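What follows is the residue order along each chain.
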Amino acid sequence: SEWVSKFGVAYKPYSGPKGDVSLFYNRAETFVTETRTDQRLATFGQKFPNRSITTDEIGVKANLFRQRLVGTFSYFENTEDNILLNGRDEDGSITGVGDRPYLYPGGERTTDGWEVDLSFNVTSELDIILSYSRIDSLLSDGLPSEGVPESTRGAVVRYEFRRGPLKNFSITGIYTAWGESHLE
């Protein structure tokens, strides 16, 4: 089974006719039961250890011009223990079968970074959301984590028809890009 405990606080230092600004902090702890077993010969059949993930995030959010422009900036740090890494047994000496993938315990992974999101309500029909993040993910031995991008960016454009035969029909376009990452 899996459980998550969360805690968050928000403070609004400014609220006025042009909008408001909020500061926030979130903390979450997640426990994940691992059901997979080790396929390496030396530890064959042992269940991998369960994982726990801790997340801390702090940021600021601004709602301006009656929420026509909303922006969020946050800094986050995640720590995950008992992560599993991918390996390949080329000659069969690890799993007993040549050219076979396997998992092995990799210690701890720490991921920190920042993100920014901007949401524009251009007109009552047109909404645009832009996002960007920078991420640094390292394993406990100091090496970069596999498959975690160094940056992400995205855009969403949505148009909703407000009159005519297509009233209440909307069209949405989504763009997502992942930056470079270390491959498995």
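Here the structure is a predicted model, which means the values were calculated and not measured.

Caption draft 1: Layout of the overall build of the protein chain. From N to C terminus, the protein chain includes 0 helices and 10 strands. Element order for the protein chain, N to C, with α for helix and β for strand: β-β-β-β-β-β-β-β-β-β. Taking 184 residues into account, the globule formula puts the C-alpha radius of gyration at 16 Å, and the protein chain, at 22 Å, lies well above it. Along the first, second and third principal axes, the C-alpha set of the protein chain runs to 65 × 40 × 30 Å. For the protein chain, the residues scored as buried account for 26% of the 184 residues in total. Long-range contacts, defined here as pairs at least 24 residues apart, represent 52% of the contacts in the protein chain between residues at least 6 apart. Accessible surface, the protein chain: about 11900 Å² in total, of which carbon and sulfur atoms supply 56%. Distance from the positive charge centre (20 side chains) to the negative charge centre (27 side chains) of the protein chain: 13 Å.

Caption draft 2: Region of interest: the confidence of the model for the protein chain. Within the protein chain, residue pLDDT values average 92, and 98% of them lie at 70 or more. Strand β5 (residues 84-89) is the least confidently modelled element of the protein chain, averaging 88 in pLDDT, while strand β9 (residues 151-160) averages 97, the highest of any element.

Quick notes on the rules
Residues numbered from 1 in each chain as written. Predicted model: local features only at pLDDT ≥ 70, side-chain atom pairs only at ≥ 80, totals over all residues. Heavy atoms only, no water. Helix = DSSP H or I, 4+ residues; strand = E, 2+ residues; numbered from the N terminus. Rg over C-alpha atoms; globule rule 2.2 N^0.38 Å. Buried < 20%, exposed > 50% of the residue type's maximum accessible area, 1.4 Å probe, protein only. Contact = heavy atoms within 4.5 Å. Areas by Shrake-Rupley, 256 points an atom, 1.4 Å probe, with all protein chains shown as cover. Lys, Arg positive; Asp, Glu negative; His and termini not counted. Charge placed at Lys NZ, Arg CZ, Asp CG, Glu CD. pLDDT = per-residue confidence, 0-100.

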